[in-house]
Each structure stands twice: as C-alpha cells, then as structure tokens.
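# Descriptive structure summary
Letter by letter, the chains look like this.
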Amino acid sequence: MNPKRRPSSQKRSRWRIFGKVLLINIKWFSLAGLLGVLFAGGLISGYVAALVHDEPVRSRQLIYEKVNENALTSFVYFNDQVTPVGRMRMEEDRQLVDLKDVPQSIIDALISTEDSQFYEHHGVDLKGTARAVKQKLLNENRQTGGSTLTQQVARRVFLSLDKTDSRKVKEMLLALRMERFMSKDKILTAYLNKMPFGNGSAGYNLYGIKSASLGIFNVSDLHKLHIAQAAYLAGLPQLPSVYSAFDGKGNFDEEGFNKAMERQRVVLARMLATGKLTPTEYNEALQFDVKATLAPHREKSYNTFPYLMLETEREAAQLLALQQNPNLTAAEITKPEHAELLQNTREELQRSGYRIYTTINKKIYNDMRQIAANPQNFSPYSKQKGLEQIAAIMIDHRTGAILGMIEGRDFNTEQMNYATQMTRQPGSAMKPIAAYLPALEKGYTQPAGLIDDSQIILKDGRKGYHIPKNYNRRYEGLMTAREALNRSINIPALRLFLYEVKIHNAWNFVRSLGITTIQPQDEHAQTGVLGGLSKGVSVEELTAAYGTIPNMGVYNAPHLISKITDANGEVVYEYKPQSKRVYSQQTAFLMTDMLRTVISDPRGTGKRLQKAFKSYGTIDIAGKTGTTQNFGDVWFMGYTPDVTLGVWAGYRQQVNTLSQEGHSRAQSVWALIMNEAIKDQPKLFKNKHFIQPEGVVRATVSSITGKLPGRYSRQSGQLVTDWFNQKYVPTEVGREQLPRSSRPSPSTKPNIKETEIPEKEAPATDQGKIPLEETTPSVPDTDIDTDTEIGIPDENNDLPSADTSQPAVENEQETHSETESQDETPKTKPDEVVYPETTSDQSKN
C-alpha cells in the first residue's frame with residue numbers, strides 16, 4: 001500500500017461518517033417533526049372534533065331547503081286587492097328579491113367591503129382568517145372578523161349568533177360544505193335576503209336588501225338607488241343595531257345615522273380602492289345628501305288599523321287551521337283545547353309571506369272609524385261607567401261581504417272587537433226574526449192581521465206566574481201586526497212567539513238565519529223574543545240575519561276575507577258563496593214593508609231617521625230598534641236595497657246605562673254612517689227602492705175580525721187596506737155584531753183612574769210623561785171567529801214553564817221594550833176608517 005494515499009482515505013472516511021450521522025439526525029429530526037406535526041394536528045383535530053361533535057352533517061337537500069327558506073312578511077289588503085291595510089303583526093319586515101333585480105352597484109359595494117375574495121375562495125378566506133386570528137391574539141383595536149359572505153349566511157341560517165370558537169369552527173365547516181353544493185349566485189342571493197339592516201322608518205326590523213331600501217329610503221325599485229344610498233345599505237349588516245337612522249318606533253336617530261354615514265364612507269373608500277368606483281363617482285357619492293332622502297316616519301299598520309289587522313289575523317288563522325284540519329268545524333276550532341293549534345297557525349301566518357285580501361271598503365271603513373273616534377258623537381267619558389262604546393257592521397247582503405266595521409271606540413282603551421266577539425241581549429230587535437218573520441212565512445199573521453194586546457199569564461218556575469207587560473203598562477186590545485211592530489208593543493210579539501210560531505220553531509228559524517248563540521236553555525225562555533237570552537247575540541250575526549230581509553229571504557254568511565295566497569301567489573283559500581233560502585220572497589217583502597213604517601209612522605220607534613237620514617225619501621230604508629232593561633243596550637238594525645247596517649251602543653258592563661241622549665245612539669250613529677257612505681261611495685247604492693215580487697197583493701179586511709169585511713165593518717168604516725201574501729188573503733167574511741153596551745170594544749179603554757209617573761222615574765220618550773194604569777183591563781169581549789180570537793192561556797196550554805236559569809233581563813224586559821214606542825195618542829176609535837201610512841207610499845213598489 002502506498003503510504004502517501006492513507007491520509008486521504010482517512011479524510012474521506014471521516015466525511016462519510018459525518019454524512020451518515022447527519023443523515024441519521026435529519027431522519028430523526030424529521031420523524032420527530034412529523035410526529036410533532038401529527039401530534040399538533042391530532043390536538044387540533046381533537047379540539048375541532050370536540051367543538052363540533054354535536055353538529056350534524058347536513059345533506060345537500062337540507063342545505064338547499066334551509067338556505068331557501070325565508071320568514072316573509074304577510075300583508076293584508078282592502079277589497080280593491082291593491083291598497084294595503086298593512087303588514088301582519090310582526091316586528092320584522094322581510095321581502096324577497098331575485099339577484100337579477102339587484103343593481104351591480106349594491107353587489108360591488110357589498111363584496112368590496114365584506115368579502116373582496118368572494119368569487120375566488122371556496123367558502124373560507126385563509127388570508128382573512130389568519131388576519132382575524134392575529135388581530136385577536138394581539139388584541140388589536142381593529143378586528144375584522146374574517147368571515148366570508150358564505151360564512152355569514154351559514155351562521156344566519158344554521159347557527160346561533162354567539163361569539164365562541166365552537167360557533168366559528170362550525171361556521172367554517174358549513175361554509176365549505178355549502179360551497180360544494182351551491183353556486184356563488186345562490187349564496188349571494190341568500191345573503192341579500194336574509195341579513196339584517198337595522199330599523200326602518202316605521203320601526204320594523206328590516207331583513208333583506210329590498211325591505212331595507214323600502215324601509216330606509218322608501219324606494220321599492222333597487223335600480224333607482226343612488227350609489228351613495230347603495231353604499232349606505234351595504235355597510236349596515238356589519239352592525240345593524242348601531243348603524244341605524246331610526247329607532248324601534250321609527251323616529252329619527254341622529255347618533256345612529258352619523259355612525260351609519262361613517263360606515264358608508266368606509267364602503268365608498270373600499271369601492272374606490274378595488275376599482276369599483278372612479279374618483280369622479282367617489283366624489284359625487286360623498287357629496288350626495290343621504291339624510292334628505294330618508295323615508296318619512298310611518299305609523300305601523302297596527303297603529304293605523306289595529307282593530308282590522310287583529311280581526312283579519314284572527315279570522316285568517318281560523319280559516320287556515322280549518323283547511324289543515326278538515327275534521328274540525330268552525331265552532332270546534334275556537335274551543336280552548338285547540339288554542340295551541342290556532343296559535344301555531346297564527347305564527348305561520350305572520351311569517352310565511354301570505355297575502356290576505358279582505359272585503360273591507362277602505363273609504364267606508366275610514367268613515368266609520370272617524371265617526372267612532374269623534375267624541376262629539378257620544379256621551380262624555382265617565383269615571384264610573386268608562387267609555388261609551390259603539391259597534392257596527394255594514395254588509396253587502398247579496399254576498400255577505402263585510403264592507404266596514406266599528407269594532408269599538410278606542411283600541412288603546414279596549415282591544416276586544418265589539419262587533420264580532422261581544423254578545424249582548426238584543427231587546428226588541430229580536431221580534432222581527434223570532435216572531436214576525438216566521439209568523440208571516442207560515443201565514444199565522446199578515447201586516448193587517450189582528451193580534452190581541454191583552455194580558456197574558458205565563459207559568460214561571462221561580463214565582464209561580466209571570467205577567468209580562470208593555471212598556472207603558474197598557475193593554476190596547478186588538479191591533480194590526482203592522483201597528484204592533486211599528487210601536488214595538490211586547491204582548492203581540494209574545495203571542496206570536498208563544499202560541500203561533502212556538503218557542504222551539506222560533507229558535508230553529510233564528511238559527512237558520514245564522515244566529516249561533518241560541519242555547520238549549522233558551523228553549524224555555526218564554527220572553528226570549530223580547531231579548532231575554534242566555535248569551536245574547538253578536539252584532540255581526542244579527543246584522544247578517546236582518547240582511548236576509550232585503551235579500552228576499554236568502555241568507556249569506558258574513559265574511560271578512562275573500563282570498564288568501566301564499567308567498568308564491570298560489571291561492572290557498574278563496575271564499576265560496578253558499579247562499580241559502582230561508583223564507584219566501586213574499587215574506588221578505590211584507591217584512592220590509594212593515595219595517596219601513598217603523599220609520600215612516602209618526603209613532604214608529606225609528607221615526608228619528610226621517611230627519612237624521614239625509615237621503616230619506618230618495619233611498620228606501622227599513623229597520624228595527626232594540627232596547628234592553630234601563631237602556632243598558634240600544635240597537636238599530638237597518639237596511640237599504642243594497643246594504644244592511646247593524647249598530648249597537650252601550651258600555652263595557654251592561655249594568656251601566658246610557659244617558660238620555662244615548663237612548664237613540666244606535667239610530668244617530670246609523671244615520672251618520674249611512675250619510676257618509678252614500679256621499680263617499682254612491683256606486684254602492686244603485687237601487688233606490690225595494691222590489692215587489694209576484695204573489696203579493698193589496699187587500700182590504702175588517703179591523704174587527706181581520707177577515708173580509710162584513711156589513712157592519714163597511715158601514716162603520718172599520719177597514720184596513722194592506723199588503724198580503726196572495727196565499728194568505730182571507731177568503732171568508734168574518735162574523736160581526738155590534739159590541740154589547742156592557743163591555744168595551746177592543747179599542748175602548750177601561751174607565752180607570754190614571755196616575756202620572758214621577759218625572760224622575762219615567763223613561764224618556766218623545767211624548768213626555770206616560771200615563772200609568774193602576775189596574776189591568778180585562779180581555780176585550782168581542783164576537784169574532786174562533787181562529788182570530790186569542791184568550792188568556794190557562795194551566796192546560798202547551799206553553800213550557802219558565803226555566804229558573806233565565807237571565808234577569810227576561811223579567812226586567814217586561815216593562816222596558818222601546819222608549820219611543822208609546823205615547824198618549826189614543827187608539828183609533830171604532831167608527832174611524834183605518835188605513836196604515838203605507839197605503840200611499842208603498843204603492844211605489
């Protein structure tokens with residue numbers, strides 16, 4: 001071996017050893033590093049897994065459904081189906097917009113400020129996230145958050161808004177998953193429809209760019225927004241509660257507006273920096289007066305039409321609930337056990353973008369509300385009684401559509417709808433529908449038919465016997481049905497109700513007119529025809545019942561809602577008329593003619609309307625008054641050929657009675673409403689006169705027998721000419737003879753001492769003080785045919801005994817029927833010819 005080569009060989013050996021050692025170290029360090037990375041990755045993975053262990057993996061379909069699901073504001077409209085009543089009760093205002101309807105200026109402003117890499121990243125912006133982490137670790141003053149638009153949508157749709165690491169990690173994972181399944185345009189559209197934008201000028205919380213544009217600038221077309229306005233809106237979602245020009249009541253907030261403008265300038269600067277704005281456009285936007293373009297303050301719809309909105313919401317919820325639960329009836333759906341079902345339907349209705357179209361005529365409704373709001377139309381407020389209340393409903397009786405309502409005087413005082421939810425005793429307003437209508441229909445009487453106004457004795461389970469009386473405590477003998485109704489005499493109506501129609505048949509007839517509040521115990525309410533019912537009636541149902549008369553005997557259920565559509569415009573409910581004939585056209589005409597003379601007769605209880613109703617003599621009207629004990633309630637049910645209007649007046653508590661001026665409140669308010677309606681909506685009153693159907697004729701009968709006149713009736717002039725249903729025109733001559741000198745004729749008053757009611761006790765009338773008879777006259781003894789003779793019932797009659805649970809008003813009603821019905825004018829003498837006032841003016845029909 002060459003000795004010179006040994007050192008070189010040793011040198012190479014040392015380098016080889018060094019290389020091997022270095023390689024081994026590198027391997028070990030690499031392995032350690034890898035293990036460290038794996039360990040750190042494991043720690044991170046474990047931490048992330050711990051954060052999201054309860055987070056489900058959402059399917060593609062579920063992500064699509066949730067992102068496209070929007071809580072939308074539902075709206076209510078008047079009967080023109082264009083003019084909005086307002087939005088449903090909800091503190092949020094949500095309206096959808098398609099991306100094609102959003103101008104590029106809004107998109108540029110949004111992306112430049114919120115997510116400049118939106119179209120490049122896959123749901124998470126790593127640079128933005130790293131920047132946000134650094135800012136948080138260093139506790140920097142300015143922290144941007146680092147969330148992309150996709151992350152913000154994921155948070156808004158799937159997660160809570162709490163600021164935790166768990167939520168942030170979930171948000172990032174969801175964003176990555178969303179970007180796998182959804183396009184950028186879909187995600188951007190979801191953002192524009194779901195993000196909050198603060199309060200609007202009506203105080204609603206605005207969600208979505210369209211609601212924001214309308215609520216803040218009163219601009220519904222986004223393309224009409226100025227670039228400065230677009231930048232203003234784009235800056236709001238970052239801190240909507242801070243950047244808000246309006247507070248929760250819709251009042252201008254100077255501090256919030258100034259902060260929003262600072263944010264707007266940041267947005268404009270970012271648009272300039274990213275090339276979305278030229279310097280000229282930027283300077284122009286800075287000079288734009290945003291404050292001058294803010295929307296004016298608007299009252300919420302619940303401040304403008306609170307009664308109507310609540311009633312619409314209540315009825316719409318019931319209609320939708322019935323559609324979803326067809327096994328339930330309208331009566332069952334309102335029972336307490338279904339309260340949760342109704343509440344859930346109501347919430348769905350409020351937030352699902354429904355459009356509810358009502359039958360309400362805006363002009364008529366506004367007129368009615370103004371009348372109710374005018375304190376000059378009512379008695380002053382009483383600390384003891386409270387606010388005098390009023391309720392009214394106007395319906396188109398040909399369809400049942402409710403055209404207008406007075407639900408109460410003041411929503412802030414009382415939220416209950418007095419027109420639809422309250423039930424009260426109807427007083428004598430029950431007489432036409434429970435006695436006269438069914439009696440006319442069956443031929444038990446006609447307008448000229450005779451009814452005996454003489455004392456009757458009823459069995460009473462509480463006192464043994466009960467003797468009902470007329471308001472003036474008189475009995476006047478035989479009188480025509482027309483006169484009895486004109487003056488609202490109690491006894492003739494009772495005789496028809498009890499002995500001719502019979503209680504059970506009367507209530508079945510009343511139910512066929514849509515009255516649902518007649519109770520089983522009312523089958524024993526002997527004076528129910530005077531208004532003594534267990535529950536009473538509602539203004540809505542009683543008005544619809546009267547509406548059958550001008551509608552020629554056909555009943556249409558009253559309804560407020562004509563149609564409901566969903567957010568896509570699909571009809572989910574539409575009212576379908578279900579007209580039902582209840583009685584004949586001839587009966588309807590006769591009843592109308594009798595109710596016309598309630599107003600036209602000088603002694604009629606509705607005579608005030610001759611002066612109060614401005615179109616009297618031009619447009620035919622008919623109607624009936626109603627009064628309960630001590631004037632706790634007063635009613636007027638009136639109609640023209642085209643509309644029926646029912647009015648009630650009283651206090652919240654029935655025990656509180658109306659002032660003397662309030663005794664005629666229902667009539668005065670009825671006239672006020674009709675006068676305004678005819679002035680503002682003349683097209684609704686096309687028909688001026690009631691129509692006379694075939695089968696109705698005029699005939700002259702004896703006022704002694706009610707049949708064809710005999711010789712004595714003709715000689716003495718005791719004749720009545722009136723309308724008859726042709727089927728029931730008398731064909732026989734009644735048996736007549738001169739009255740015996742020892743007994744009074746039907747119209748002769750007994751010779752008794754009369755006393756005067758003290759003024760402080762006598763109910764107010766137009767005629768002044770009313771004579772009070774101290775004794776009860778006997779039944780007039782006249783020789784007439786047995787089928788026209790009505791005697792005092794004995795113990796063997798078929799009248800059921802009174803139920804002990806009858807309301808007190810039943811017995812109290814005996815002395816209070818109609819204040820205007822009685823006066824001191826004596827009844828027509830036997831030798832006078834009797835022609836009702838209708839003889840001349842009814843011939844027009």
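Residues numbered from 1 in each chain as written. Predicted model: local features only at pLDDT ≥ 70, side-chain atom pairs only at ≥ 80, totals over all residues. Heavy atoms only, no water.

## With respect to the packing of helix α16 (residues 362–373) against helix α24 (residues 665–680)
Under the convention used in this document: Orientation is described by axes fitted as lines to C-alpha atoms, over the contacting stretch for helices, and by angles from 0 to 180 degrees between their N-to-C directions. Helix numbers and strand numbers start at the N terminus; a helix is a DSSP run of H or I with at least 4 residues, a strand a run of E with at least 2. In this scheme the crossing of two helices becomes right-handed for a clockwise turn of the near helix relative to the far one and left-handed for an anticlockwise turn of less than a right angle. What makes two residues a contact is simply this: any of their non-hydrogen atoms within 4.5 Å. Polarity classes work like this: nonpolar for Ala, Val, Leu, Ile, Met, Phe, Trp, Tyr, Cys and Pro, charged for Asp, Glu, Lys and Arg, and polar for all others, with Gly in that last group.
Two elements in contact, α16 and α24, have axes separated by 9 Å at closest approach and are oriented at 145 degrees. Crossing geometry of α16 relative to α24 is assigned as right-handed. Contacts between α16 and α24 involve K363, I364, D367, M368 and I371 from the first element and V669, L672, I673, E676, A677 and D680 from the second. Residues of the contact of α16 with α24, tallied by class, amount to seven nonpolar, no polar and four charged.

## Here we look at the layout of surface pockets
This is how it is decided: Only protein atoms enter the calculation, which uses a 1 Å grid: trapped sets of points that fit a 1.4 Å probe without letting it out are cavities, open sets showing protein on both sides within 12 Å along at least five of seven lines are pockets, and any residue with an atom within 4 Å of a point is a lining residue. Grid points are joined across faces, edges and corners, and a volume is the space filled by probe spheres set on the points.
The space that makes up the second largest pocket amounts to roughly 1,600 Å³. What lines the second largest pocket is a set of 41 residues, and nearest its centre among them are Q318, A330, A331, E540 and E541. Looking at the lining of the second largest pocket, the elements that each hand over two or more residues are α13 (306–324), α14 (330–333), α15 (339–351), α20 (503–512), α21 (539–547) and β15 (571–574). Considered class by class, the residues forming the lining of the second largest pocket number 14 nonpolar, 16 polar and 11 charged.

## What about the pairing of strand β18 (residues 633–639)?
In the case of a regular strand, side chains alternate between the two sheet surfaces. Using the following cut-off: Buried residues are those whose accessible area, probed at 1.4 Å on protein chains only, stays under 20% of the maximum for their type, while exposed residues exceed 50% and partly exposed ones sit between those limits. Pairs of strands are assigned from DSSP output, requiring at least two bridges between the strands.
β18 sits mainly inside the fold: seven of its seven residues count as buried. Here β18 shows two buried faces, one formed by D633, W635, M637 and Y639 and the other by V634, F636 and G638. Bridge count for strand β17 (residues 622–627) against β18 is six bridges, and the pairing is antiparallel. Bridged to A622 within β18 is Y639. Between β17 and β18, which pair antiparallel and follow one another directly, the connecting turn spans five residues, one of which, N630, has a positive phi of 60 degrees. In the sheet, β18 pairs with strand β19 (residues 644–650) via seven bridges, with the strands oriented antiparallel. The residue of β19 that forms the bridge with F636 is V647.

## Quick notes on the pattern of salt bridges
Note the threshold: Every case where a carboxyl oxygen of Asp or Glu lies within 4 Å of a side-chain nitrogen of Lys or Arg is listed as a salt bridge.
Taken as a whole and judged by the stated rule, the model has 23 salt bridges. Residue K184 pairs with E179 through a salt bridge whose shortest N-O separation is 2.9 Å. According to the relative accessible area criterion, E179 is buried, its value standing at 16%. A salt bridge links R369 to E407; its shortest N-O distance comes to 3.0 Å. Placement of R369 in helix α16 and of E407 in the loop between β8 (401–406) and α17 (431–442) is noted, with a sequence separation of 38 residues between them.

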